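# Breakdown of the fold
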Amino acid sequence: MTRDSAGRAVDDGPSVVYDLAADCTVADLEENTPYLAEINGIVEYGVFVDLSDSISGLVHESVLEGTFRVGQELVVSLENVRENGDVAFEPVDVDEEYDVEVVPHDYALTGTDRLEASVGEQIHLEGEVVQVKQTGGPTIFHVADEHGVVPCAAFEEAGVRAYPSVEVGDLVRVTGVPERREGAVQIEVDGLSTLDGEIAEEARERLESALEARAEPHDVDPLIDWPAFEKLRPDLEAVARLLRRTVLEGRPIRVRHHADGDGMCAAVPVQLALERFIAEVHEDEEASRHLVKRLPAKAPFYEMEDATRDLNYALEDREKHGQQLPLLLMLDNGSTAEDVPAYETLAHYDIPIVAIDHHHPDPEAVEDLLNAHVNPYLHDEDYRITTGMLCVELARMIYPDLTEELRHIPAVAGLADRSKADAMSDYLELAAAEGYDEARLKDVSEALDYAAFWLRYNSGDRLIKDLLEVDADEERHRELVSFFAERAREEVDDQLDAAMTHVEHEVLENDVHLYRIDVENYAHRFTYPAPGKTTGEIHDRKIEEAGDPVITVGYGPDFAVLRSDGVRLDIPNMVSELEAEIPGAGVSGGGHLVVGSIKFVKGKREAVIDALVEKMAAADIDEALSSAPPIDD
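Residues numbered from 1 in each chain as written. Predicted model: local features only at pLDDT ≥ 70, side-chain atom pairs only at ≥ 80, totals over all residues. Heavy atoms only, no water.

### With respect to the pattern of salt bridges
One pass over the structure, following the stated rule, counts 48 salt bridges. Residues Arg233 and Glu237 are paired through a salt bridge, measuring 3.4 Å at the closest nitrogen-oxygen approach. Of this pair, Arg233 and Glu237 both sit in helix H3 (residues 233-248), 4 residues apart, which is roughly one turn of the helix. Glu237 sits in the partly exposed class, given a relative accessible area of 24%. One continuous salt-bridge network, built from bridges that share partners, spans Arg256, Glu305, Asp306, Arg309 and Asp310. (Salt bridge = Lys/Arg side-chain N within 4 Å of Asp/Glu carboxyl O. Helix = DSSP H or I, 4+ residues; strand = E, 2+ residues; numbered from the N terminus. Buried < 20%, exposed > 50% of the residue type's maximum accessible area, 1.4 Å probe, protein only.)

### Structural notes on the pairing of strand E14 (residues 184-194)
Alignment of strand E12 (residues 149-154) against E14, held across 2 bridges, turns out to be parallel. Bridge pairing in E14 links Cys152 to Ile187. Note that strand E13 (residues 171-181) and E14 share 10 bridges and pair antiparallel. When the sheet's bridge partners are listed, Val177 is paired in E14 with Glu188. Remark: 2 residues form the turn of the hairpin made by E13 and E14, two consecutive strands paired antiparallel; Glu182 in that turn has positive phi of roughly 55°. (Pairing = 2+ DSSP bridges.)

### Considering the packing of aromatic side chains
Summed over the entire model, instances satisfying the criterion amount to 10 aromatic pairs. The interplanar angle of 85° and the centroid separation of 6.3 Å between the aromatic rings of Tyr45 and Phe48 together place this pair among those described as edge-to-face. Its relative accessible area of 44% is what places Tyr45 among the partly exposed residues. Plain terms: the ring middles of Tyr450 and Tyr528 are 4.9 Å apart, the flat faces sit at 85° to each other, and that makes the pair edge-to-face. Placement of the pair is Tyr450 in helix H13 (residues 438-455) and Tyr528 in the loop between strand E21 (513-518) and helix H16 (531-546), with a sequence separation of 78 residues. Residue Tyr528 is classed as buried on the basis of its relative accessible area of 3%. An aromatic cluster is present here, built from Tyr450, Phe453, Trp454, Phe483, Phe484 and Tyr528 joined pairwise through their rings. (Phe/Tyr/Trp six-rings, centres within 6.5 Å; stacked < 30°, edge-to-face > 60°.)

### Digging into the sheet that holds E13
The 5 strands are arranged E10-E11-E12-E14-E13 in a closed barrel whose pairing can be described as mixed. Adjacent strand axes in the sheet meet at a mean angle of 55°, parallel and antiparallel pairs treated alike. (Axes fitted to C-alpha atoms, helices over the stretch in contact; angles between N-to-C directions.)

### Focus: the nonpolar core
Formed by 97 residues in total, the largest nonpolar core has its most connected members in Trp226, Ile356 and Leu468. The element that contributes the greatest number of residues to this core is helix H4 (residues 261-281), accounting for 12 residues. Look past the residues within four positions of Trp226 in its chain and what remains in contact with it is Arg384, Ile385, Met389, Ala421, Ala423 and Tyr427. (Core = buried A, V, L, I, M, F, W, Y, C linked by side-chain atoms within 4.5 Å. Contact = heavy atoms within 4.5 Å.)

### Brief notes about a nonpolar patch on the surface
Taken together, the side chains of Val43, Tyr45 and Phe48 present a nonpolar region at the surface, about 240 Å² in accessible area. Topologically, Tyr45 is positioned in the loop between strand E4 (35-43) and strand E5 (46-50). (Patch = residues over 30% accessible without salt bridge, like charges linked within 9 Å, V, L, I, M, F, W, Y side chains within 5 Å. Areas by Shrake-Rupley, 256 points an atom, 1.4 Å probe, with all protein chains shown as cover.)

Here you go:
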């Protein structure tokens, strides 16, 4: 910048004039720089000009030539800022044609990780809106930056939506004051604007980079050395990464799991890990209660009843609370063709689905509907790696500080599903070091099964955590487990006292002992134990009497549940064959290679059972499959 003979500033550089953004302040001004201004007033001693919403100043008549009018554009540069804050400008001669370059306000941003230190002071925050909730008072915008998620309260008037053009997914800049509200920090909004153009792109790149880094799962060593697990480890790490990212994005997570011992040993550790991580990420103390929910499922697959209920609640939460649609996490369930109709229902909406299961899968049926799928069968392993064992490691990848609370859980899961995995001895030893001998572990497993039956569709969060001794008081845990396990054994004994005399026995051509019982007519209904559990208990007693190979079938008007030891039944394949061989029977079902359930139409029961027995008589004997997992009711 030089001056002419009259002392006026002359731009001898490129023809560029800078246009300050509306939110720029005096701190954004630089000396010897041409700025675009607008005249807002004319007085005897000069003209007043605006450069932004908060920058105004005087151009003195001594440096002006010609006539001027309000609203006229003028190119000026900073002359000085006086001690009283008044700003003086001087005109700049530029080419008639010049380029205009917008200058954004240089904000000093405060991250959500530094809000506590900034309580009571005005700060600026940039992030993505992940939830918009209208209350009877302010509008609450939940904004996620690189470090976490914070609620920002903007008040228009009671019950009226503030900043109605701002929606979930928008990148915004929030100006406001952090204040403590009910034990957490909330920003009281002074101003909120959406970002666009290059500023938005830069913010998006910054947030995405930070999100990817923070979503990385923790690199934890498995609780035991188990080569079979190592095959599944990369798949679990991918799920841990997805779940951590989902929390960082403020998206809810719904955990659907089979309502049995293994299912709860899978779901509760993951639920607790997510809750702890959410508490780290979100300033709102109530966030974990809204963002993660555990939902038990009675059926060994995702029923349409559950799917439509989940979808309806998700849509209601989006409407009422401004939440994103959730991610669905299926545990100890979700790998079979029976899950497809429910998955296809959710596919009409933005609901990611992840399945971690150890039932025999139908990969071709479900893979295109799942965002991630973990199953030992996909790596040439089988049901002996239980879902609970997998999910304890998943929980530790999400939140490793939980490790000390979870060491006994894989052993409970293995006993609940009667796993004969090579690793069971190591898991039992690990649990013993925590004060859990095998008898106590079996009591916990029995107590879980008993509680799940009576809870039905209720998650029973506090009760189940107490039974598992996860985030729980030890004395209460021991008392509850003792009481529930004893009640369960008494009710099993009552059931078998009535049922055992009605068990039919025959020896098949392959020397397998087959035991059959009509559980509809010769067992108590609508009480514990359920038909699947009743069949399993009968099976266990017959194993003690006869040894294996043994098959036990409990059947009703339109269903059959199967247990076997020492016989390779391949139940999923048998179901497919029965469906093709008996037209009009409506055969469906599945399970593991040696345990499962079958459904059919009532009028075809005799034909289905007879054909089933024929297939059992042709099955191969396999002693390696002794002591199969329990039936899924």
